[in-house]
Amino acid sequence: MSSRTSPISQPVTIRRAVARDAKRLTRLVRGSGAYEGKYAAAVAGYRVGPDYIEAHRAFVAVGADEHGGRVLGFYSLVLAPPELDLLFVADEAQGRGIGRLLVAHMQSEARAAGLDRVRVVSHLPSEDFYHRVGAVRIGTALANPPAMPWDRPEFEFRIPSE
């Protein structure tokens, strides 16, 4: 946990994403501080559309507030092949355990779907986070210019059966 923020102080609910979440999720991706500078091009035109939300197991972490719930983060689990496709936490909510909650939820969903492992290709600035939440480094996803001009660490979550 970061010293600049405090643990979750408000109730957080994780629920299935719905089509009306698409614009908020797109804004979260495009506005992520992890994608500033040289990484900005990777998300500049990225869109999380209603079709994406319906096609994958996408879940949002929502914090209770006066507006009826603010999206603090989200993830998307692809079942075939098993992959954590997206995981984002709002910049202002980082360091409060939201990412850890989302990963635990993803592991539970993966287990329920009968998966024993889930791959994730990490963004370079997120590598330490994946180590901290138990992912094991399994390799490197090589650059694929112009879409992805840099190599990225590849991890795997091992999903134990209960």
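Structure's up top.
Residues numbered from 1 in each chain as written. Predicted model: local features only at pLDDT ≥ 70, side-chain atom pairs only at ≥ 80, totals over all residues. Heavy atoms only, no water.

Draft legend 1. Representation of the packing of aromatic side chains within the structure. On inspection of all chains with the given rule, the structure shows seven aromatic pairs. Ring geometry for Phe-59 and Tyr-75: centres 5.4 Å apart, planes at 20°, overall stacked. Residue Phe-59 is found in strand β2 (residues 57–63), and its partner Tyr-75 is found in strand β3 (residues 70–78); the two are separated by 16 residues along the sequence. The pair Phe-59 / Tyr-75 is uniform in exposure class, with both members buried. Each ring, one from Tyr-130 and one from Phe-157, has its centre 6.2 Å from the other, and the planes form 70°; the classification is edge-to-face. Of this pair, Tyr-130 sits in helix α4 (residues 127–132) while Phe-157 sits in strand β7 (residues 152–158), and the two are 27 residues apart along the sequence. (Phe/Tyr/Trp six-rings, centres within 6.5 Å; stacked < 30°, edge-to-face > 60°. Helix = DSSP H or I, 4+ residues; strand = E, 2+ residues; numbered from the N terminus. Buried < 20%, exposed > 50% of the residue type's maximum accessible area, 1.4 Å probe, protein only.)

Draft legend 2. The arrangement of the nonpolar core in detail. If you look at the biggest cluster of nonpolar residues, it comprises 44 residues, and the most contacted ones within it are Phe-74, Leu-84, Val-118, Tyr-130 and Phe-157. If you list the elements that add at least two residues to this core, you get α1 (22–30), α2 (50–55), β2, β3, β4 (83–89), α3 (98–112), β5 (117–121) and β7. (Core = buried A, V, L, I, M, F, W, Y, C linked by side-chain atoms within 4.5 Å.)

Draft legend 3. Fine view of the side chain of Glu-156. Looking at the secondary structure, you find Glu-156 in strand β7. Engagement of the side chain of Glu-156 in a polar contact is seen with the side chain of Arg-117, the distance being 2.7 Å. Polar contacts involving the side chain of Glu-156 include one to the side chain of Arg-158, which spans 3.0 Å. With near-sequence residues (within four places) excluded, Glu-156 lies in contact with Arg-117, Val-118, Arg-119, Ala-135, Val-136 and Ile-138. (Polar contact = N/O pair within 3.5 Å; in protein donor to acceptor, adjacent residues only side chain to side chain. Contact = heavy atoms within 4.5 Å.)

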